[in-house]
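Understanding the architecture of this molecule
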Amino acid sequence: MSNIMSETSPYAEFLTPAEVVVLTGYKAKSKQVEHLRKQGIPFRLNGRNEPIVLRQALLGAKQQHSGVSQVKTRWQSPMLSNSA
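Residues numbered from 1 in each chain as written. Predicted model: local features only at pLDDT ≥ 70, side-chain atom pairs only at ≥ 80, totals over all residues. Heavy atoms only, no water.

**Structural notes on the nonpolar core**
Grouped together as the largest cluster of nonpolar side chains are 7 residues: Leu15, Val20, Val33, Leu36, Ile41, Phe43 and Val53. Dropping the residues within four chain positions of it, Phe43 is found in contact with Val33, Leu36, Arg37, Pro51, Ile52 and Val53. (Core = buried A, V, L, I, M, F, W, Y, C linked by side-chain atoms within 4.5 Å. Buried < 20%, exposed > 50% of the residue type's maximum accessible area, 1.4 Å probe, protein only. Contact = heavy atoms within 4.5 Å.)

**Details of the pattern of salt bridges**
Tallying each qualifying case throughout the model produces 3 salt bridges. Two residues, Glu34 and Lys38, come together in a salt bridge whose shortest N-O distance is 3.4 Å. Separated by 4 residues within a single helix, Glu34 and Lys38 lie in helix 2 (residues 29-39), roughly one turn from each other. Judged by relative accessible area, Glu34 falls into the partly exposed class, the value being 36%. (Salt bridge = Lys/Arg side-chain N within 4 Å of Asp/Glu carboxyl O. Helix = DSSP H or I, 4+ residues; strand = E, 2+ residues; numbered from the N terminus.)

**Describing the side chain of Thr24**
As for its placement among the helices and strands, Thr24 is situated in helix 1 (residues 17-24). A distance of 3.2 Å separates a polar side-chain atom of Thr24 from the backbone nitrogen of Tyr26. Each residue touching Thr24, except ones within four places of it in the same chain, is listed here: Gln32, His35 and Leu36. (Polar contact = N/O pair within 3.5 Å; in protein donor to acceptor, adjacent residues only side chain to side chain.)

Right, here's the structure in full:
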């Protein structure tokens, strides 16, 4: 029996069902969905109501929280910034 989730598989961009269990800590689909929503992890439900998570969604979240400071400057009107 072949493993459809191999590294050369087009499905490798998605977490496996086992990885979703590890990520969420739950086997029940409803609890997985609840946890993913609480954590703000984007996902889609497939035809069997299983959460499908893109690996890239987690990699992006990891890069955002990696300790690298991302300073956002607040918008200020040019009229205010030129005042004395």
